[in-house]
Amino acid sequence: MNIFVAKLNFRTTSEQLQAHFETYGEVSSAKVIFDKVTQRSKGFGFVEMPDDNAAQEAIEGLNETEFDGRTIVVKKANPRND
DNA sequence: GTTGAGCGC
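Residues numbered from 1 in each chain as written. Chains lettered and ligands numbered in written order. Predicted model: local features only at pLDDT ≥ 70, side-chain atom pairs only at ≥ 80, totals over all residues. Heavy atoms only, no water.

Engineer: Honestly, unusual backbone geometry in this entry has me stumped. Any pointers?
Structural biologist: Backbone geometry at K7 places phi at a positive 60 degrees, although glycine is not the residue there. Secondary-structure assignment places K7 in the loop between strand 1 (2–6) and helix 1 (14–21). One non-glycine residue, E64, lies in positive phi territory at about 60 degrees. With respect to the secondary-structure elements, E64 resides in the loop between helix 2 (52–62) and strand 4 (66–67). In this structure E64 comes out as exposed when scored by relative accessible area, which is 60%. (Helix = DSSP H or I, 4+ residues; strand = E, 2+ residues; numbered from the N terminus. Buried < 20%, exposed > 50% of the residue type's maximum accessible area, 1.4 Å probe, protein only.)

Engineer: Help me understand the layout of surface pockets, please; the structure alone is not making it clear to me.
Structural biologist: Each pocket or cavity is described by its volume, and for the largest pocket that value is around 300 Å³. Around the largest pocket, the lining comprises 14 residues; the ones closest to its centre are N2, K31, F46, A77 and R80. When contributions to the lining of the largest pocket are tallied by element, the ones reaching two or more residues are strand 1, strand 2 (29–34) and strand 3 (41–48). The leading source of residues in the lining of the largest pocket is strand 2, at four residues. (1 Å grid on protein atoms, 1.4 Å probe; cavity = no way out; pocket = protein on both sides within 12 Å on 5 of 7 lines; lining within 4 Å. Points joined across faces, edges and corners; volume = space filled by probe spheres on them.)

Engineer: Even after reading the chapter, I still don't get the environment of Q39, so can you show me in this structure?
Structural biologist: Position of Q39 relative to the elements: it lies in the loop between strand 2 and strand 3. On the accessibility criterion, Q39 (63% relative accessible area) is exposed. A C-alpha to C-alpha distance of 30 Å links Q39 and E60, two positions 21 residues apart in sequence.

Engineer: What should I look at first to understand the pairing of strand 2 in this one?
Structural biologist: Along a regular strand, successive side chains alternate from one face of the sheet to the other. Here strand 2 pairs with strand 3 via five bridges, running antiparallel. Within the sheet, the bridge partner assigned to F34 lies in strand 3 and is S41. Counting the residues in the hairpin turn of strand 2 and strand 3 gives six residues, including Q39, whose phi is positive at 60 degrees. (Pairing = 2+ DSSP bridges.)

Here's what the structure looks like:
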C-alpha cells in the first residue's frame, strides 16, 4: 500500500517518517520528497507498507495527527506512472 | 536562512 503524507515539517527526514509509521506496522520504504537543487523538503512524502491492513490502520491512525511539531495529512497515494 | 497545498526521478 502506497501512502501519501503531506504537510510535513520542512526539517522532517525520510528516516523520521519511516520510524513514525513503523509504530503501526512494517514499513518497506519511506521517502520524503526533497528539492533537487536546494535539497530542502517539499513538505510531503511517501510511505510504502507491505501489509494493507497495517497501512490502512496507519492512514486512519496518523492522519491529521501531530508529527515533528506539525499536523500531517495521511492518505492513499495516487498510482505513479510506470 | 522564508513557506503550507499537494502526489515521488
